[in-house]
Amino acid sequence: MEAAAIIAAIEAAITIAEKLAPIIQAAVSKGEISVEVQAALDARVAALRPGGTAFAGAEWKQQPTPPAV
Amino acid sequence: MKKLLSILTFAFIIGGGALTQTSCGTLDKSGVYAGDKTLYGTDVVISSSYELIHSFVLFAYQNSENLPPEVNAAANRIRAQAPQWFSTALALRDAYKLNPTSENNSRMQQALDVLRAAVAESAKYLVAHQLPTT
């Protein structure tokens, strides 16, 4: 295992974690989860409902399959 | 390298799953979840599942010409089905919120399992193709 590969793997995991950091951090903490954090999560979930914006991007459209590389 | 990200990813997934049953922390009861930790944990799983699945779909969109056909096919299948998976999970989540019985909780957990399976598949392809090869 090369150092660069390890760093890339960690960076990939961190990128995902960063998107959800406030919510996950609050969820696993022993403290109280604030009204603001709850509202942020509720808004994220609302975007996933039918008519929401979560699936509106071009990346969600069916893509032609390129020839094998 | 692959094992490392797999471990990190599964820790992420399992952590999300555990949050539906968690005793960590408390909810401010004046928040939108009104103190219901099961609902909060469920929404954490749903939201975090979307983030990882979206990461894969976006990666496949940006790199489709350099990916094997099976990866592009998997991305297209996920694109087609993911909105319904999330819609179903949210509908069952709402049903549980209205009527928090063990049966409704079980149905909700089954829907979350579908999302977890999609997360695992997405993570598998990300691990195999996103990271530099040695």
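Since we're looking at a predicted model, the values are computed, not measured.

Section: the overall build of chain A
Tallying secondary structure elements over chain A gives three helices and one strand in all. Mapped from its N terminus to its C terminus, chain A presents α and β elements in the order α-α-β-α. Put simply, chain A has 69 residues, and 30% of those count as buried. In the structure as shown, chain A presents an accessible area of about 4,000 Å², 63% of it carried by carbon and sulfur atoms.

Regarding the packing of helix 2 (residues 37-62) of chain B against helix 4 (residues 102-129) of chain B
Residue and element names in this part refer to chain B. Running from amino to carboxyl end, helix 2 crosses helix 4 at an angle of 30°, the nearest separation of the two axes being 9 Å. Of the possible angle classes, the one that applies to helix 2 and helix 4 is roughly parallel. Along this stretch, helix 2 crosses helix 4, giving a crossing that reads as left-handed. The segment helix 2 lies against helix 4, with Thr38, Thr42, Val45, Ile46, Ser49, Leu52, Ile53, Ser55, Phe56 and Phe59 engaging Asn105, Met108, Leu112, Leu115, Arg116, Ala118, Val119, Ser122, Ala123, Tyr125, Leu126 and His129. Of the residues in the contact of helix 2 with helix 4, the class split is 14 nonpolar, seven polar and one charged.

Reading the values: rules and limits
- Residues numbered from 1 in each chain as written.
- Chains lettered and ligands numbered in written order.
- Predicted model: local features only at pLDDT ≥ 70, side-chain atom pairs only at ≥ 80, totals over all residues.
- Heavy atoms only, no water.
- Helix = DSSP H or I, 4+ residues; strand = E, 2+ residues; numbered from the N terminus.
- Buried < 20%, exposed > 50% of the residue type's maximum accessible area, 1.4 Å probe, protein only.
- Areas by Shrake-Rupley, 256 points an atom, 1.4 Å probe, with all protein chains shown as cover.
- Axes fitted to C-alpha atoms, helices over the stretch in contact; angles between N-to-C directions.
- Parallel < 35°, antiparallel > 145°, perpendicular 65-115°, else oblique.
- Left-handed = near helix turned anticlockwise from the far one by under 90°.
- Contact = heavy atoms within 4.5 Å.
- Nonpolar A, V, L, I, M, F, W, Y, C, P; charged D, E, K, R; others polar.

Bear in mind that shape data such as this cannot, by itself, settle questions of function.
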